[in-house]
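Summary of structural features
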Number of protein chains: 2
Amino acid sequence: MTVPTKILLEESELPTHWYNIIPDLPSPPPPVLHPGTLEPVGPDDLAPLFPMDLILQEVAQDSYIEIPEPIREIYRLWRPTPLYRAHRLEKSIDTPARIYYKYEGASPAGSHKPNTAVAQAYYNALAGVRKLTTETGAGQWGSALALACRMFGLECEVWQVAASFDQKPYRGSMMRTWGATVHSSPSEMTNAGRAILAQDPDSTGSLGIAISEAVEVAATNDDVNYSLGSVLNHVLLHQTVIGQEATVQLNKVGETPDVIIGCTGGGSNFSGLSFPFLREKLAGNINPVIRAVEPAACPSLTKGEYRYDFGDTIGMTPLIKMHTLGHSFVPDPIHAGGLRYHGMSPLVSHLVDSGLMEAAAIGQVECFEAAMQFAQTEGIIPAPEPSHAIAGALREANQCRESGEEKVILIALCGHGHFDMAAYDAYLAGDLHDYEYPSEAIESALAQVPVVA
Amino acid sequence: MTVPTKILLEESELPTHWYNIIPDLPSPPPPVLHPGTLEPVGPDDLAPLFPMDLILQEVAQDSYIEIPEPIREIYRLWRPTPLYRAHRLEKSIDTPARIYYKYEGASPAGSHKPNTAVAQAYYNALAGVRKLTTETGAGQWGSALALACRMFGLECEVWQVAASFDQKPYRGSMMRTWGATVHSSPSEMTNAGRAILAQDPDSTGSLGIAISEAVEVAATNDDVNYSLGSVLNHVLLHQTVIGQEATVQLNKVGETPDVIIGCTGGGSNFSGLSFPFLREKLAGNINPVIRAVEPAACPSLTKGEYRYDFGDTIGMTPLIKMHTLGHSFVPDPIHAGGLRYHGMSPLVSHLVDSGLMEAAAIGQVECFEAAMQFAQTEGIIPAPEPSHAIAGALREANQCRESGEEKVILIALCGHGHFDMAAYDAYLAGDLHDYEYPSEAIESALAQVPVVA
């Protein structure tokens, strides 16, 4: 069968439901705990931050949850997204492997993030919320939420990690074009930001710090809610439209994936692609390797500890059992700003811990070499985040060249790099380097993690 | 019939031929003249700059020219492109008009330009050429040619208009990522550039100057050819894949356009969309208004003279009969860098002169207001160039609200604005303004145009 370059779906094939993997798992992930009582948090604990519809999705036991039509109306501005066969990339490295990439950069914000942003804005608007606050790293999440808030008439206020705020100024312009307000984090506007700046006036920030700032503003204002771009169950749930489409698309060309690879910061795009395939794996229908690739400079899954920790830096959030480098760990300013997070989605951590998924860490130089190879063959210039998935795929594909195996490799190309060109400039100028493995910083941060029996 | 948000085509529906409108016209456009002899130029005159395959396309009399498979292979990386129904934009302005936009921003370079860049790189590679030189304004053309050269193993050297080189630094990064070399124009590297800088060391450049530089290097090196991103017949020919797809897509939803609108700098995206519809108009099957929208700061079709002039600033090119503001006219540095050209495609000029098409000029503030309205409803952030087409469409759609007419408006959304966010920053800061109509500068430039009987 001749495989076309792009495998497309009609709008009528847009998923009607999100897929919730939790009821299909051999065991549920450990509960999220209240930091004071160490009891599992209930809906009331989350109500200051999230609308009840999302809280119920967070703990849902249904396998499929219907996507409301107003959300599908927005999804149709870019969904279903294309699945590409990387014919030219394969040829350039002379591999017998067949590489497919699901491209989420076709969304107006340029990444997979609007899949959940639109859902979160919708439910908050339905609940009468006036404004959403959030954090953003590279700016992909912030711009997605800005877009989504504009679509449903909400205000949007974004704290962007200082390192990325400086590296990628035009992400902020994009957010403002869609009507959002953007601050560099740590900022002087919150207690959390002021506390960090008091310790380190030159702080380059981190996702954990920016979360603290956004949560603080939401928690202290009645008509303001908070929105998170990854980590939580309901976020991963919304992203499953990616993998549901990809299963249909691969079926259309008669393929079954042997390896599924995505990059992980909080884990949402990786989960979005892989969970619908993991469902088939749990049912015994297919048996792909499912691999998360994280930055060597922020290796929570491969070098962190699987234990309860705070989701943010200051310690305002509930305690989450996840692979963590310690909530006070501040990663080096690698260009993949969206992956600079000390923790991980508790669901991904649970799945890696139980052996249903695996993880690898790759340094940014190898990732950018892979991104260049990709851009020069497939045309699309990837964001630094999915360059980790591409690097992981090239490792597999190069092994296939040696072994002669014709593996089917499926990757999540979760966004384009149009707002990350300074990173490519650095690579082309020879100024990009790998950071040393931050063992002492991690050790010191892990020492500050609360001990939960 | 319910119209979906996106009307998609399968790869099997990718056009197999380009459409050449010349044999279908009531009269052919006036010939291009040799500046010395004032005789029509022949293939030999063009051979120092272009490969013979493209020269033959420039003067072709066939209605359809087959697209070679290696070009279609690259086209399939993003083509066919989607046709959108602007449901949300329509609703936001309460118009009974139905607005469709053909979106070319899905290409890896983010615009329609690769449609011809890929073809030109292919034919040059086939002819054994080592390197292509070119000019670029906003950078859309330069990045498209960089991509195309990379795909066919050619070197690529780009002169970018200084105003855009400074405003949009990351377009250069994109070109370099695909392997090209980029210079700010006017540069010290060419006689043409040095001559301009001697007169005006602070020159912000123009497409005409950058063309002079790129042509000079190609003309003085045996294994180097020149590539033009608009204006010429063969460029417009390659762009007709846009309109051919759009005719099929509108047919699928049972629509016939009443008004077709595109922005014009050199005229290639406007022609690419409209020529296949003009073919039907000439055959008496449909009767749409076909309208070019140009910047009020560079109004060649609406304020220029229809006469022979040079295509570049220095006067190295053949003489072309076109609407011109004078080859020495340097437009104000509006953000739509791709539209800052003193002349026009001779084919578009001929069609406007013969009444088959019409033209309007719109200032950049109205264009950015339209672009904001578009971004906040449809999500996609348009490049400044197609914001002119959007502004033209909004004028029509607002008139329909008054009159109650249900016109079908088709526009060319030829690229996204991800590399133009500084322009949006200026708009949001209130720093964007319209330039005064440059009547004296145009008068003075027109006085320098050679008189051809």
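Let me begin by describing the structure that accompanies this report. Quick caveat, the model's predicted, so the values are computed rather than measured. Each residue is numbered by its place in its chain's sequence as written, counting from 1. Just so you know, chain letters begin at A and ligand numbers begin at 1, following the order they were written in. Under the rules for a predicted model, residues below a pLDDT of 70 receive no local features and side-chain atom pairs below 80 are neither given nor counted, while totals for whole chains, interfaces and linings still include all residues. Think of the side-chain values as coming from all heavy atoms in the structure, minus any hydrogens and water.

Some remarks on the overall build of chain A
A run of DSSP states H or I qualifies as a helix once it reaches four residues; a run of E qualifies as a strand once it reaches two. Both are numbered from the N-terminal end. Scanning chain A from terminus to terminus reveals 18 helices and 15 strands. Taken over the C-alpha trace, chain A has a radius of gyration of 20 Å; the compact-globule value for 453 residues is 22 Å, and the two agree within 12%. Judged by the C-alpha coordinates and their principal axes, chain A covers about 60 × 50 × 45 Å. Each residue is assigned to one of three classes by its accessible area relative to the maximum for its type, calculated with a 1.4 Å probe on protein chains only: buried under 20%, partly exposed between the two thresholds, exposed over 50%. Here chain A, with 453 residues, has 66% of them falling under the buried criterion. Within chain A, counting contacts between residues at least 6 apart in sequence, those at least 24 apart form 77% of the total. Per-residue accessibility takes into account occlusion by the displayed protein chains alone, with areas from the Shrake-Rupley method and a 1.4 Å probe. Carbon and sulfur atoms make up 48% of the accessible area of chain A, which amounts to about 14400 Å² in all. Averaged over its 28 positive side-chain charges, chain A has a centre that lies 6 Å from the centre of its 53 negative ones. Using C-alpha atoms as the atom set, the radius of gyration is obtained and then compared with a globule rule of 2.2 Å times the number of residues to the power 0.38. Note on definitions: a residue-residue contact is assigned when non-hydrogen atoms from the two residues lie within 4.5 Å. Only four residue types enter the charge count, namely Lys and Arg as positive and Asp and Glu as negative; His and the chain termini do not. Charge coordinates come from a single atom per side chain, which is NZ of Lys, CZ of Arg, CG of Asp or CD of Glu.

Describing the pairing of strand E11 (residues 289–295) of chain A
Residues and elements named next belong to chain A. The buried fraction of E11 is high, at 6 of 7 residues. By definition, two strands form a pair when at least two bridges between them are found by DSSP. Both strand E10 (residues 259–263) and E11 contribute to a ladder of 5 bridges, which runs parallel. Within E11, the residue paired with Val259 across the bridge is Val289. You can see the chain leave E10, run along helix H12 (residues 268–282) and come back into E11, and the turn it takes is right-handed. The pairing of E11 with strand E14 (residues 358–362) spans 5 bridges and is classified as parallel. Bridge pairing in E14 links Ala292 to Ala359. For crossovers, right-handed means that the path from the first strand over the helix to the second runs clockwise, given strands pointing away from the viewer.

So, the nonpolar core
Among the nonpolar cores identified, the biggest contains 100 residues, and Trp18(A), Ile71(A), Tyr75(A), Trp18(B), Ile71(B) and Tyr75(B) are the most heavily contacted of them. Residues grouped as a nonpolar core are buried Ala, Val, Leu, Ile, Met, Phe, Trp, Tyr and Cys residues, joined through side-chain atoms within 4.5 Å. Of all hydrophobic cores here, the second largest spans 57 residues; its members include Ile260(A), Ile320(A), Met322(A) and Leu347(A).

Examining empty space enclosed by the protein
Think of a 1 Å grid over the protein atoms and nothing else: a 1.4 Å probe that fits but is trapped marks a cavity, an open set flanked by protein within 12 Å on at least five of seven lines marks a pocket, and residues with an atom within 4 Å of a point count as lining. Grid points are joined across faces, edges and corners, and a volume is the space filled by probe spheres set on the points. All told, the structure shown has 9 cavities of 30 Å³ or more when counted by the stated rule. Here the largest cavity defines a volume of roughly 570 Å³. Taken together, 34 residues make up the lining of the largest cavity; nearest its centre are Pro82(A), Tyr103(A), Ala106(A), Tyr103(B) and Ala106(B). Here the lining of the largest cavity is composed, by residue class, of 23 nonpolar, 9 polar and 2 charged. Residue classes follow a fixed rule: Ala, Val, Leu, Ile, Met, Phe, Trp, Tyr, Cys and Pro count as nonpolar, while Asp, Glu, Lys and Arg count as charged, and any other residue, Gly among them, counts as polar.

Some points on the packing of aromatic side chains
Residue and element names in this part refer to chain A. Any pair of Phe, Tyr and Trp rings, taking the six-membered ring for Trp, is counted once the centres come within 6.5 Å. Such a pair is stacked with planes under 30 degrees apart, edge-to-face with planes over 60 apart, and tilted for the rest. Under the counting rule described, the total for this entry stands at 21 aromatic pairs over all chains. Seen in terms of ring centroids, Tyr19 and Tyr64 are 5.3 Å apart; in terms of plane orientation they differ by 40°. Their pairing is tilted. Taken as a pair, Tyr19 in strand E2 (residues 17–19) and Tyr64 in strand E3 (residues 64–66) lie far apart in primary sequence, 45 residues in all. Judged by relative accessible area, Tyr64 falls into the partly exposed class, the value being 37%. By the ring-pair criterion, three or more aromatic residues cluster together here, those being Tyr84, Tyr101, Tyr103 and Phe374.

A short note on the relation of the copies chain B and chain A
With an axial shift of 0.0 Å and an RMSD of 0.0 Å, the rotation relating chain B to chain A amounts to 180°. Seen this way, the second copy is the image of the first under a two-fold rotation axis. It is His418(B) whose C-alpha, among those of chain B, lies nearest the rotation axis, at 3.2 Å. Interface overlap between copies is the fraction of interface residues in one copy that are interface residues in the other; for chain B against chain A it reaches 100%, indicating a shared surface. Least-squares superposition aligns the copies on the C-alpha atoms of those residues with pLDDT at or above 70 in both.

Here we look at the sheet that holds E14(A)
All names here are of chain A. With mixed pairing, the 7 strands of this open sheet are ordered in space as E1-E4-E5-E15-E10-E11-E14. The open sheet has two free edges, formed respectively by strand E1 (6–7) and E14, since each of these has just one partner strand. Across 3 bridges, the pairing between E10 and strand E15 (residues 408–413) is parallel. What sits directly across from Val259, in E15, is Ile409. Fitted lines through C-alpha atoms give the axes, limited to the stretch in contact for helices. The angle between two N-to-C directions lies from 0 to 180 degrees. Strands E1, strand E4 (83–85), strand E5 (98–103) and E15 of the sheet are contacted by helix H11 (residues 233–252), whose axis makes an angle of about 140° with E5.

Overview of helix H16 (residues 384–403) of chain B
Given the number of residues in a helix, its expected span is that number minus one, multiplied by 1.5 Å. A rise of 1.5 Å per residue sets the reference length of H16(B), with its 20 residues, at 28 Å; its end C-alpha atoms lie 29 Å apart and thus fit the reference within 8%. Downstream of H16(B) by one or two residues, Gly404(B) has phi in the positive range, about 80°.

So, the packing of helix H5 (residues 114–126) of chain B against helix H11 (residues 233–252) of chain B
Residue and element names in this part refer to chain B. It is the contact of H5 with H11, at a shortest axis distance of 8 Å, that shows an interaxial angle of 125°. Judged by the inter-axis angle, H5 sits oblique to H11. Note that H5 runs across H11; the crossing there is right-handed. Residues Asn115, Thr116, Ala119 and Gln120 of H5 lie in contact with H11, whose contacting residues are His234, Val235, His238, Gln239, Val241 and Ile242. Tallied by class, residues from the contact of H5 with H11 come to 4 nonpolar, 6 polar and no charged. In this scheme, roughly parallel covers angles under 35 degrees and roughly antiparallel covers those over 145, while 65 to 115 is roughly perpendicular and the rest are oblique. For a crossing to be left-handed, the near helix must be turned anticlockwise from the far one by less than a right angle; the clockwise case is right-handed.

Structural notes on the interface of chain B and chain A
Residue-level contacts link 44 residues of chain B with 44 residues of chain A. Here's the idea: put two parts together, see how much 1.4 Å probe accessible area each one loses, and the total over both is what we call buried area. Of the roughly 3900 Å² buried between chain B and chain A, counting both surfaces, carbon and sulfur atoms make up 54%. The working definition used for a salt bridge is a side-chain nitrogen of Lys or Arg within 4 Å of a carboxyl oxygen of Asp or Glu. Taken together, the connections running from chain B to chain A amount to 6 salt bridges. The salt bridge involving Arg176(A) is made with Asp425(B); its shortest N-O contact spans 3.7 Å.

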